[in-house]
Amino acid sequence: MANQFLNIYKNNPTAGETDGTAVSTDGTFTSPLDFTLDASQNESAVQKCAIRSESGYSADNVTITDKNDTNDRLSFCETAGGSFADSVTFDEVGAVNQIFYVKASS
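Since the model is a prediction, treat every value here as computed from it, not as a measurement.

Our next topic: the environment of Asp86. With respect to the helices and strands, Asp86 occurs in the loop between strand S5 (74-77) and strand S6 (87-93). Classification of Asp86 by relative accessible area gives partly exposed; the value is 39%. C-alpha separation for the pair Asp86 and Val23, spaced 63 residues apart in sequence, amounts to 19 Å.

Here it is in structure tokens:
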């Protein structure tokens, strides 16, 4: 991520809480988002994630987007059953979880 005070969390985070497992950043891959898909079956899967800031910080107009995804394999949505798009934007991110969903397609 581009900001050291913002993190994305996985493992079923709860809206308005501070739970979840931080997704690794800076190429460490110690806790990445992981999807197992069968390309021959044109599979897709959705994972619930959250974004929040470190305590004492906040950010306005935060956009999460795929980077270099020329095949449109990743998409985002604020609800599990909504319309997934190339990005999702939050007006403000504070120190509690704001939920969003990541969809990966084979």
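Across the five residues that make up strand S1 (residues 6-10), a large majority, five, are buried. Judged by which residues are buried, S1 turns out to be covered on both faces: Leu6, Ile8 and Lys10 on one side and Asn7 and Tyr9 on the other are all buried. Examined bridge by bridge, S1 and strand S3 (residues 44-53) share four bridges and lie antiparallel to one another. By the bridge assignment, Tyr9 is partnered in S3 with Ala50. In terms of strand pairing, S1 meets strand S2 (residues 21-22) through two bridges, oriented antiparallel. Opposite Tyr9, over in S2, you have Ala22 as the bridge partner.

For any pair of aromatic rings, the description rests on two quantities: the centre-to-centre distance and the angle between the ring planes. All told, the structure shown has two aromatic pairs when counted by the stated rule. For the pair Phe90 and Phe100, a centre-to-centre distance of 6.1 Å together with 65 degrees between the ring planes defines the contact as edge-to-face. Here Phe90, found in strand S6, pairs with Phe100, found in strand S7 (residues 98-105); they are ten residues apart in sequence, far enough to count as distant. Note on Phe90: relative accessible area 3%, which makes it buried. Accessibility expressed as a relative area gives 1% for Phe100, which makes it buried. The ring of Tyr9 carries Arg52 above its face, with NZ or CZ at 3.6 Å from the centroid. One Lys or Arg, Lys103, reaches over the ring of Phe84 and ends 5.6 Å from the middle of that ring.

Below, the discussion takes up the nonpolar core. Ile51, Ile64, Phe90 and Phe100 are the most contacted members of the largest nonpolar core, which totals 14 residues. Counting only elements with at least two residues in this core, the list comes to S1, S3, strand S4 (59-65), S6 and S7. Excluding anything up to four places from it in sequence, Phe90 contacts Ile51, Asp60, Asn61, Val62, Ile64, Glu78, Gln98, Ile99 and Phe100.

Parameters and conventions
- Residues numbered from 1 in each chain as written.
- Predicted model: local features only at pLDDT ≥ 70, side-chain atom pairs only at ≥ 80, totals over all residues.
- Heavy atoms only, no water.
- Helix = DSSP H or I, 4+ residues; strand = E, 2+ residues; numbered from the N terminus.
- Buried < 20%, exposed > 50% of the residue type's maximum accessible area, 1.4 Å probe, protein only.
- Pairing = 2+ DSSP bridges.
- Phe/Tyr/Trp six-rings, centres within 6.5 Å; stacked < 30°, edge-to-face > 60°.
- Lys NZ or Arg CZ within 6 Å of the ring centre and 35° of its normal.
- Core = buried A, V, L, I, M, F, W, Y, C linked by side-chain atoms within 4.5 Å.
- Contact = heavy atoms within 4.5 Å.

By themselves, these observations are geometric and do not establish any function.
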